[in-house]
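One-letter residues, chain by chain:
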Amino acid sequence: MRLRNIKGADTAIGESPYCIKEPASYRGRWQDAFPSPGPLHIEIGMGKGRFLMELASLHPDIRYLGIERYSSVLLRALQKMQADPLPNVKFLCMDAAELALIFSPGEVARIYLNFSDPWPKERHARRRLTSHPFLERYAAVLAADGRLEFKTDNQDLFTFSLDEIAASGWRLVSSTRDLHHDPALSQDNVMTEYEEKFSSLGNPICKLTAVPQHAILSP
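A.B. asks: Looking at this model, I keep getting lost on the environment of R171. Mind explaining?
C.D. replies: If you trace the backbone, R171 turns up in strand 6 (residues 171-176). Owing to a relative accessible area of 33%, R171 belongs among the partly exposed residues under this scheme.

The following block contains the structure:
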């Protein structure tokens, strides 16, 4: 269960140099938010930040922006950054529904979704981060060679996501319902906190990579 009410979380986020305070002011110039230029990758619903920060450590030439709507969860990522700062990581506390307000078309090179809330009730389907409305938002900000990567242990959510991708006109690049036993897709896999927990319980991890209609696939 996610923590949502840690006293002082909002204040800590507001005072942290690792958090972007006015993200709309960076629309079209996100390179200015980092000490040096590079492709921009974002994780939506980044949780405590383990996945994003490990990627950032492995790829210092890429700029990473973690988006988390719950301040009490984001606080945990801030604490990790304070202990081990990374110059190519910044955080945002916001709702992913507002992506178009803070990113210009083509500004994002990659979007990561990891173990997103499955919103199991059918009436909440539009809230799922792989639903058609969100796929439209992603397509609007992804670069011509940009792509979406999604991991989950929820088989129903994965099936829903595959259906939404097809119905939305996206192209499926790769998919597996057992990531850790897939020789190709498991290469260089960086695990999240949830991934480690669920896989230790014997739950197979699903992963897909997809690109919007406008994408130019690399040879």
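A.B. asks: Would you explain the pattern of salt bridges in this entry?
C.D. replies: When their charged atoms lie close together, side chains carrying opposite charge are able to pair. Tallying each qualifying case throughout the model produces 7 salt bridges. Its salt-bridge partner being E193, residue K80 comes within 2.8 Å of it at the nearest N-O pair. Remark: E193 occurs in helix 7 (residues 193-200) and K80 occurs in helix 3 (residues 71-83); sequence separation between them is 113 residues. A salt bridge links E195 to K151; the shortest N-O distance between them is 2.6 Å. In this pair, E195 is assigned in helix 7 and K151 in strand 5 (residues 142-152), connecting sequence segments 44 residues apart. An identical accessibility class is assigned to E195 and K151; each is buried. Via salt bridges that share partners, R110, E149 and K207 belong to a single interconnected network.

A.B. asks: How should the pairing of strand 4 (residues 108-114) be read in this particular structure?
C.D. replies: Burial analysis of strand 4 places 5 of its 7 residues in the buried class, which makes it a mostly covered element. Where strand 1 (residues 40-44) lies against strand 4, 4 bridges are found, and the strand directions are parallel. By the bridge assignment for strand 4, H41 is matched with R110. Sheet topology note: the strand 4/strand 5 ladder contains 6 bridges and is parallel. Within the sheet, the bridge partner assigned to N114 lies in strand 5 and is K151. Read as a crossover between parallel neighbours, the route from strand 4 over helix 5 (residues 132-141) to strand 5 is right-handed.

Reading guide: rules and limits
- Residues numbered from 1 in each chain as written.
- Predicted model: local features only at pLDDT ≥ 70, side-chain atom pairs only at ≥ 80, totals over all residues.
- Heavy atoms only, no water.
- Helix = DSSP H or I, 4+ residues; strand = E, 2+ residues; numbered from the N terminus.
- Buried < 20%, exposed > 50% of the residue type's maximum accessible area, 1.4 Å probe, protein only.
- Salt bridge = Lys/Arg side-chain N within 4 Å of Asp/Glu carboxyl O.
- Pairing = 2+ DSSP bridges.
- Right-handed = clockwise from strand over helix to strand, strands pointing away.

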